[in-house]
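# Examination of the molecular architecture
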Amino acid sequence: MTFGDWPKGALRTVTTLWAAAILALAPQMVAAQDAAADSAPEAAVEAVAEESGAAATSESSGYTPMGPEMIKGQPTSFEDDAWASIDFQDQYTDDGEFAYKMHTYLLMPIITAISLFVLGLILFVVVRYRRKANPEPSKTTHNTFIEVVWTLVPVLILVGIAVPSITLLARQYETPPEDAVTIKAIGYQWYWGYEYPDNGGFEVISNMLPEDDAIAAGLPAQLAVDNRMVVPANTPLRIQTTAADVIHAFAVPSLWFKIDAVPGRLNERLLTIKEPGIYYGQCSELCGARHGYMPIAVEALPRDEWEAWVLTQPGGTVGEAAEEAAEDAESAADAAEAGDEAAVEEAEAAEAAAE
Ligand SMILES: [Cu+2]
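Rules of the game
- Residues numbered from 1 in each chain as written.
- Predicted model: local features only at pLDDT ≥ 70, side-chain atom pairs only at ≥ 80, totals over all residues.
- Helix = DSSP H or I, 4+ residues; strand = E, 2+ residues; numbered from the N terminus.
- Buried ≥ 20, exposed ≤ 12 C-beta atoms within 10 Å, placed from the backbone.
- Contact = placed C-beta atoms within 7 Å.
- Expected span 1.5 Å × (residues − 1).
- Bend = angle between axes of the 7 residues up to and from the residue.
- Pairing = 2+ DSSP bridges.
- Axes fitted to C-alpha atoms, helices over the stretch in contact; angles between N-to-C directions.
- Parallel < 35°, antiparallel > 145°, perpendicular 65-115°, else oblique.
- Left-handed = near helix turned anticlockwise from the far one by under 90°.
- Nonpolar A, V, L, I, M, F, W, Y, C, P; charged D, E, K, R; others polar.
- Core = buried A, V, L, I, M, F, W, Y, C linked by C-beta atoms within 7 Å.
- Domains from an automatic or database assignment.
- pLDDT = per-residue confidence, 0-100.

## Let's talk about the overall build of the protein
Within the protein, the secondary structure is distributed over eight helices and 11 strands. A total of 355 residues make up the protein; the buried ones form 26% of that total. In the protein, the share of contacts with a sequence separation of at least 24, taken over all contacts with a separation of at least 6, comes to 69%.

What follows is the structure in structure tokens.
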């Protein structure tokens, strides 16, 4: 090909590339629309909520831990379902559904197409240009058309991936709304503590159940715990994480949630669970000898049942009482701060007098 006739070919190529980019982006647009449609409350969810509501109110305390039939987020073994065991867990948050669609309908097809294309090229070159069939090697060094194509195509693919990728990143760092329920997950060697600062400040200590106890209760061994992290479903949660000793990580795959728990630091992320159920996770930062034995079990309840659970906890408060308690704590903290300032001033005055 001579230099004179390449612009016409290039024009055709650029048009083709744009068509390819639009095709690559189409699944992402569909995914975004689906995500919006899915966020509408579903009748099935309400039915489940009602069912578990009936079970809980039959108890005098107003709360019974959910049974194994409510487990929604847990790993699948290869023997039970080979495909599900290598796929993502079912997702129960909007971000999780978005990410799952991006992975399944955008990234996987692109990865597969590129891999097959490169494999095809290699096989073609190996067969067509083997020494026996091609004794006189070509001395070609440059080809402007091909060089433009192999620069532009990857750029367009990356731009196509970047749009949903950055969208997901931004969604994951959305600030929790003011009325979000705060829950502070604290990593300890080797168990979790869940503090409820908006509801009286009580802390739930959560240890892994011994294998025999878990199996006897029909729960998954090494994931089941004695006290779950009980949260309201369909309510924005402000999950804060920190640790008392070394770095841990709070991770629940089916909720598309993973955040480091670092001593001396408070990390925070928004989490909204779409339906009541039990969701299992694990500590995901190597934290010592029993790192593999500090599972996370989240139990999402309908809001009213969750409030009933809060009232069963020592010092647990909900509604206005909780707000008042939070305000009292705040003003007490302010007073303490003011006291500190006065003390500092006094000390300074004493120092000046001594000089
Ligand atoms: Cu840990």
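## Details of helix H5 (residues 144-172)
Taking 1.5 Å per residue, 29 residues should reach 42 Å; H5 reaches 42 Å between its end C-alpha atoms and fits that length. Of all bends in H5, the biggest is about 30°, found at Ala162, and the proline Pro164 comes one to four residues later.

## Points about the sheet that holds strand E3 (residues 191-195)
The pairing of strands in a sheet happens through backbone hydrogen bonds and is either parallel or antiparallel. In spatial order, the strands read E4-E3-E2-E6-E9; together these five strands make up an open sheet with mixed pairing. Both outer strands of the open sheet, strand E4 (203-206) and strand E9 (267-271), are each paired with one neighbouring strand and no more. The sheet shows a mean angle of 25° between the axes of neighbouring strands, direction not considered.

## Focus on the packing of helix H4 (residues 94-128) against H5
For the pair H4 and H5, the least separation of the axes is 11 Å and the interaxial angle reads 165°. On the basis of their axis angle, the class for H4 and H5 is roughly antiparallel. Handedness of the H4/H5 crossing: left-handed. Residues Asp95, Phe98, Ala99, Met102, Leu106 and Ile110 of H4 form the contact with H5, whose own contacting residues are Ile157, Ile161, Pro164, Leu168, Arg171 and Gln172. Broken down by class, the residue content of the contact of H4 with H5 amounts to nine nonpolar, one polar and two charged.

## Things to note about the pairing of strand E8 (residues 257-261)
Regular strands show a simple pattern: their side chains alternate between the two faces of the sheet. Pairing analysis gives five bridges linking strand E7 (residues 248-252) to E8, with the strands arranged antiparallel. Directly across from Phe250, in E8, lies its bridge partner Ile259. Between the antiparallel neighbours E7 and E8 lie four residues, among them Trp256 with a positive phi of about 50°.

## A word on the nonpolar core
Grouped together as the largest cluster of nonpolar side chains are 55 residues, with contacts concentrated most on Ile183, Ala185, Met229, Val231, Leu255, Ala297 and Val298. The element best represented in this core is strand E11 (residues 295-301), accounting for five residues. Counting the residues that make up this core, at least three belong to each of domain 1 (3-40 + 74-172) and domain 2 (181-312). Leave out the neighbours within four places in its chain, and Ala297 touches Leu223, Ala224, Val225, Arg228, Met229, Ile278 and Tyr280.

## Remarks on unusual backbone geometry
Of note, the bond from Gln189 into Trp190 is cis; its omega dihedral lies within 30 degrees of zero at 0°. Locating Trp190 in the fold gives a position in the loop between strand E2 (181-188) and E3. Although it is not a glycine, Gln222 adopts a positive phi angle of roughly 70°. If you trace the backbone, Gln222 turns up in the loop between helix H6 (211-216) and strand E5 (229-232). Unlike most non-glycine residues, Trp256 shows phi in positive territory, near 50°.

## Some words on the confidence of the model for the protein
Confidence in the prediction for the protein averages 83 pLDDT; 74% of positions are at 70 or higher. For the stretch residues 1-6, pLDDT sits under 50, and the model shows five contacts to residues farther than four places along the chain or on other chains.

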